[in-house]
Amino acid sequence: MIYLLDGQETSRLAFRLISLDDYDEWLSFFKDPETSKYWKAEKEDAGTECRKWYNRQFERYANNEGGMNALVEKATNKLAGHCGLLKQKVDDIDELEIAYSLLPAFWHKGYATEAALHCRNYAFRNNLSPSLISIISLTNKPSENVAVKVGMRIDKTTLYKNNEVNIFRIWKEKPAGIISG
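Residues numbered from 1 in each chain as written. Predicted model: local features only at pLDDT ≥ 70, side-chain atom pairs only at ≥ 80, totals over all residues. Heavy atoms only, no water.

Novice: Help me understand unusual backbone geometry, please; the structure alone is not making it clear to me.
Specialist: Negative phi values dominate among residues other than glycine, just as trans dominates among peptide bonds. For Asp91, which is not glycine, the phi torsion reads 50° and is therefore positive. Take Asp91: it is sitting in the loop between β3 (78-90) and β4 (93-102). Of note, Asn162 is a non-glycine position whose phi angle comes to about 65°, a positive value. Assignment of secondary structure puts Asn162 in the loop between β6 (153-160) and β7 (163-171). (Helix = DSSP H or I, 4+ residues; strand = E, 2+ residues; numbered from the N terminus.)

Right under this line is the structure:
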């Protein structure tokens, strides 16, 4: 479980493992059409989608594939969303992704950037990967803005789970042959 940030904190957020006790709060994420407007996928009802999401995170935990951490707003002790390091396969290449999702009530407060920066620093400080990615739908400008603030740049455009996406990347150390621009 080296990819999980359980017990980590930023100035405004506490990271912890997800819990089924969060289900009712997180269910509202799946009920709000704004949270999925950038991602094309066949969806079942909100309750089923939320259960599938939790099952996938617990599967990730069990298989050391990273996973989302619950983000708790320290000032209110409320669930703000999730952020974490996820092992992913993109174009048949193993990658480590910084992923983030917030409840709409916590949008536009800088929490996604704060959490993603903490994940980036944790991953590089612990030498978890020479580079990190974020997989972002071509139309998801808010998530792109977070990736850029974390220091990522578009590495490539590809198809991921039937969605056209930009793969944003940041390197711990610039590889030979990469020219800054």
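Novice: Before we go on, may I ask you to explain the environment of Ile98 in this structure?
Specialist: Here Ile98 lies in strand β4. Of the residues examined, Ile98 reaches a relative accessible area of 1% and is grouped as buried. Residues Ile98 and Arg125 lie 27 residues apart in sequence; the distance between their C-alpha atoms is 15 Å. In contact with Ile98, other than residues within four places in its own chain, are Cys83, Gly84, Leu85, Ala116, Cys119, Arg120, Leu132, Ile133, Ser134, Val150 and Met152. (Buried < 20%, exposed > 50% of the residue type's maximum accessible area, 1.4 Å probe, protein only. Contact = heavy atoms within 4.5 Å.)

Novice: Would you explain the environment of Pro142 in this entry?
Specialist: Tracing the backbone shows Pro142 in helix α4 (residues 141-149). When its relative accessible area of 44% is taken as the criterion, Pro142 is described as partly exposed. It is 22 Å that separates the C-alpha atoms of Pro142 and Trp171, two residues lying 29 residues apart in sequence.

Novice: How should the state of the cysteines be read in this particular structure?
Specialist: Formally, a disulfide is one covalent bond, and it connects the sulfur atom of one cysteine to the sulfur atom of another. The final tally for this structure, using the stated rule, is zero disulfides. Left unpaired, Cys50 is separated from the closest cysteine sulfur, that of Cys83, by 18 Å. Not engaged in a disulfide, the cysteine Cys119 finds its nearest cysteine sulfur in Cys83; these two sulfurs lie 3.6 Å apart. (Disulfide = S-S within 2.5 Å.)

Novice: Help me out: how do you make sense of the pairing of β7 in this one?
Specialist: Across a regular strand the side chains alternate sides, sitting on one face of the sheet and then on the other. Summarising burial for β7: seven of the nine residues are buried, a large majority. As paired elements, strand β5 (residues 131-137) and β7 share seven bridges and run antiparallel to each other. Pairing of Ser137 across the sheet is with Val165, part of β7. Sheet analysis places β6 next to β7, joined by seven bridges and oriented antiparallel. Of the residues in β7, the one forming a bridge with Leu159 is Glu164. Count of turn residues in the β6/β7 antiparallel hairpin: two residues, of which Lys161 carries a positive phi of about 50°. (Pairing = 2+ DSSP bridges.)

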